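Here are the chains, one letter per residue:
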Amino acid sequence: MKPGTRIYSNKPFSKKNWEPFLKGDSLPILEETRTRLHALLRDRQITFKELALVIEHDPALCLALQQLTVAQNPDSLQQINGAANCLSLLGMQELVKLVKQLPVVKPDSSDPQQQAYRSALITTSMAGTLAATLSQQKGSNSAHYARWATLLAGAALWPWLLQQPQAQNWLYYLGQGLEPEQARRAIWGDDLKLWQQWNGHAHLPPLARDIWNPGHLPTLGQWRLLRRHDPWDLPPKAGRPLLHLCQKPEMTVVLALSLAWHLHINSNSRRTRRWLQITAHWLGKPLANIVPLVREVQFHSATRHHDAFASGIHSYLNGGVCDEQHPASYRWIEVNGTAAVSPLAASPVADGSTTNPATTSTDNKPKRGGLLAALERERAQQEQAAARTATQTTEPTIRPPKSLIPQDPEIVAPPSQPAGAPEPASQDSVSSLQQRMEQNPASFGDWNHLMTSLLDSINHDIGLPFAAVWLPNRSRDSMRLIYQSGLPADHPLRAIQLDLQQTNLFTKIMQRNAAVVVHKDNRNSLLGSLPMNIRQQLPEFFMLMSVSAGAKPIGLVMAGTLQGMRELPGQSQYQQFKQLCHSASTGLAYLREQSLRQQATSRS
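(A) Fine view of the pairing of strand E8 (residues 553–560). With respect to burial, E8 is a largely interior element, seven of its eight residues being buried. Here strand E7 (residues 542–548) runs beside E8; their pairing, made up of seven bridges, is antiparallel. Paired with Val 547 across the strands is Gly 555, a residue of E8. Turn length for the E7-E8 hairpin, with the two strands adjacent in sequence and antiparallel, is four residues.

Here's what the structure looks like:
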């Protein structure tokens, strides 16, 4: 919380305050959802999947559908991963009855509580889309289940916003710079039992309930590490526990919800930028690749719900300047329901600035000029960052605290870059290839072209002397070099055949998604289990990382120096190498799914 923020004294809500909400009364759905469903249900050929696309943009309807499905099918809780599952168990007629029975909240409602409730639904809907997008980028969890769990994880907050005026003070604290969990403790206290009880009573999915268990999430210290470092770059003692946590599906839900609420408050605030950086480190991707995906989700939400405020687009187009009608200016609500702070007073917003009604526009409609200006600002910032990188003779290395550096010989980060070491030849080429592999992998045609493009970029754009791909045979008991770029015709690596039945560095990397750097300081410890003749033929310095087309690695990418080279690659080139390999895994997974669909179509 920034200095100068006014903290109001309030007594946390007690168990008596929870009793009306534990009854589980039906919550209103968005009016536009009912209108769209009425139009779709006139078509007798409509499918459950088409209906699910509309339903999953209204969290309140998702909650009602989940509760009705579990009530009629008590054993179905573990198998529900989306609205389509619910409809397949209930049938079309049950959906028609449910939509007719549920009340609606209108977009033009003048009730502040209904406005706050509606904003919460739209923000949660945006969080669900973010969760699905992040899951696809991560490639480790089901995008459908991640969206469904995210849509319902914060459902306990909705009846409070609708029926208790002082619950809006949670939004006030968010606008003052608190994190969602900090604001919850300030309003409701530290006890989570009543929240967990409500979640169980509402039949929320297991994943939605798991985020309310602090043991499933990182500690405060681990969040700080994730904000500053990619977990793959940390020493094993600090990095491995964080990597295990990052693989948990609960992380997708927490990141999507936290990011969505900060976008709602102010898309350009310091808190929002912090969560964008955390998300980029969690995915192991450059921040420049994540921001466009998030902006696309925001614009989609604003267009679908015709609400520029709940999606955060209003603050984004205005460059972080918020007027008195913007959610960043949520006011403290007293016990009698009145606001303690006048909306005409200068109110602090999430990035530390203040608004002045004398200089702030009262027209709350986003203008096209604001969008163009925002895009120009982003482009200018990217160009300035690229110019600073190009003028540096050595890449600054971000290192973890000394207390976290282990004493064992395994080192995952390369040594410091010496003066005069080669810099990447083309950052733009690397970024464009990453975007192509992640967003348009079909353009490669097949995975052979994708892998050769990957090696060419590592060799020529990043500037590493050679790059190669190792693939196992059909029985997966040995592997050899299949693709290469930069290796001489007589290089001994071309003839090596590695035994995968013996435990060594290559078999360990093939068992999970991992990366390692081998150099003179750790060479003996990492390569000690390999035969002497193999060790002598491997380069003095090389990077090794697994690539996958799904859950398990399918091969290894190697890049390093050739014999006689004294200059070693630096930290920046190691980062780019890892990012390209991550992007290649995303593209390979897409091509694999596409191939399986084509095979299924040809058989049918």
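What follows continues from the structure just given.
(B) Geometry of the sheet that holds strand E3 (residues 466–472). The antiparallel open sheet is built from six strands, whose spatial order is E5-E4-E3-E8-E7-E6. Of all the strands in the sheet, the pair left with one neighbour each is strand E5 (497–499) and strand E6 (515–518). Recorded for the sheet is a direction-independent mean angle of 25° between the axes of neighbouring strands. In the packing of helix H22 (residues 447–461) onto the sheet, contacts are made with E3, strand E4 (478–485), E7 and E8, and the angle to E4 comes to roughly 65°. Helix H26 (residues 571–603) contacts E6, E7 and E8 of the sheet and is inclined by roughly 20° relative to E7.

(C) Inspection of the packing of helix H14 (residues 220–228) against helix H17 (residues 270–283) at higher detail. Here H14 crosses H17 at 85°, and the two axes come no closer than 7 Å. With respect to H17, the element H14 is oriented roughly perpendicular. Between H14 and H17, the residues in contact are Trp 223, Leu 226, Arg 227 and Arg 228 and Arg 274, Trp 275, Gln 277, Ile 278, His 281 and Trp 282, respectively. Its residues placed into classes, the contact of H14 with H17 shows five nonpolar, two polar and three charged.

(D) Local environment of the state of the cysteines. Applying the stated criterion across every chain, the model contains zero disulfides. Left without a disulfide partner, Cys 86 is nearest to the cysteine sulfur of Cys 62, which lies 8.2 Å away. A residue is classified by how much of its surface remains accessible, and Cys 86, at 0% relative accessible area, is buried.

(E) Quick look at the nonpolar core. If you look at the biggest cluster of nonpolar residues, it comprises 102 residues, and the most contacted ones within it are Ile 55, Leu 63, Leu 65, Trp 158, Trp 170 and Trp 188. The greatest single-element share of this core, amounting to eleven residues, is contributed by helix H16 (residues 249–265). Setting aside anything within four residues of it in sequence, one finds Ile 55 in contact with Leu 37, Leu 61, Cys 62, Leu 65, Ala 83, Leu 87 and Leu 95. Membership of the second largest hydrophobic core comes to 31 residues, among which are Leu 471, Val 517, Leu 580 and Cys 581.

(F) Layout of the packing of aromatic side chains. For the structure on display, the rule yields nine aromatic pairs. What links up through ring pairs into an aromatic cluster is the set Trp 160, Trp 188, Trp 195 and Trp 212. Sitting above the plane of the Phe 444 ring, Arg 436 keeps its charged end 3.9 Å from the centroid.

(G) A look at unusual backbone geometry. The phi dihedral of His 203 is positive, around 60°, even though this residue is not glycine. A residue is classified by how much of its surface remains accessible, and His 203, at 30% relative accessible area, is partly exposed. With a phi close to 55°, His 306 is a non-glycine residue in the positive phi region. Checked against the element boundaries, His 306 lands in the loop between helix H18 (287–305) and helix H19 (313–317).

(H) Here's a closer look at the pattern of salt bridges. Tallying each qualifying case throughout the model produces nine salt bridges. Put simply, Arg 147 and Glu 56 hold a salt bridge, and the shortest N to O gap is 3.7 Å. On the criterion of sequence distance, the pair formed by Arg 147 in helix H8 (residues 143–153) and Glu 56 in the loop between helix H3 (48–55) and helix H4 (59–72) is long-range, its members being 91 residues apart. Across the pair Arg 185 and Glu 181 runs a salt bridge whose closest N-O atoms are separated by 3.5 Å. Of this pair, Arg 185 and Glu 181 both sit in helix H11 (residues 180–188), separated by four residues, roughly a single helical turn. It is possible to trace a salt-bridge network through shared partners that takes in Glu 181, Arg 184, Arg 185 and Asp 190.

Procedures and definitions
- Residues numbered from 1 in each chain as written.
- Predicted model: local features only at pLDDT ≥ 70, side-chain atom pairs only at ≥ 80, totals over all residues.
- Heavy atoms only, no water.
- Buried < 20%, exposed > 50% of the residue type's maximum accessible area, 1.4 Å probe, protein only.
- Helix = DSSP H or I, 4+ residues; strand = E, 2+ residues; numbered from the N terminus.
- Pairing = 2+ DSSP bridges.
- Axes fitted to C-alpha atoms, helices over the stretch in contact; angles between N-to-C directions.
- Contact = heavy atoms within 4.5 Å.
- Parallel < 35°, antiparallel > 145°, perpendicular 65-115°, else oblique.
- Nonpolar A, V, L, I, M, F, W, Y, C, P; charged D, E, K, R; others polar.
- Disulfide = S-S within 2.5 Å.
- Core = buried A, V, L, I, M, F, W, Y, C linked by side-chain atoms within 4.5 Å.
- Phe/Tyr/Trp six-rings, centres within 6.5 Å; stacked < 30°, edge-to-face > 60°.
- Lys NZ or Arg CZ within 6 Å of the ring centre and 35° of its normal.
- Salt bridge = Lys/Arg side-chain N within 4 Å of Asp/Glu carboxyl O.

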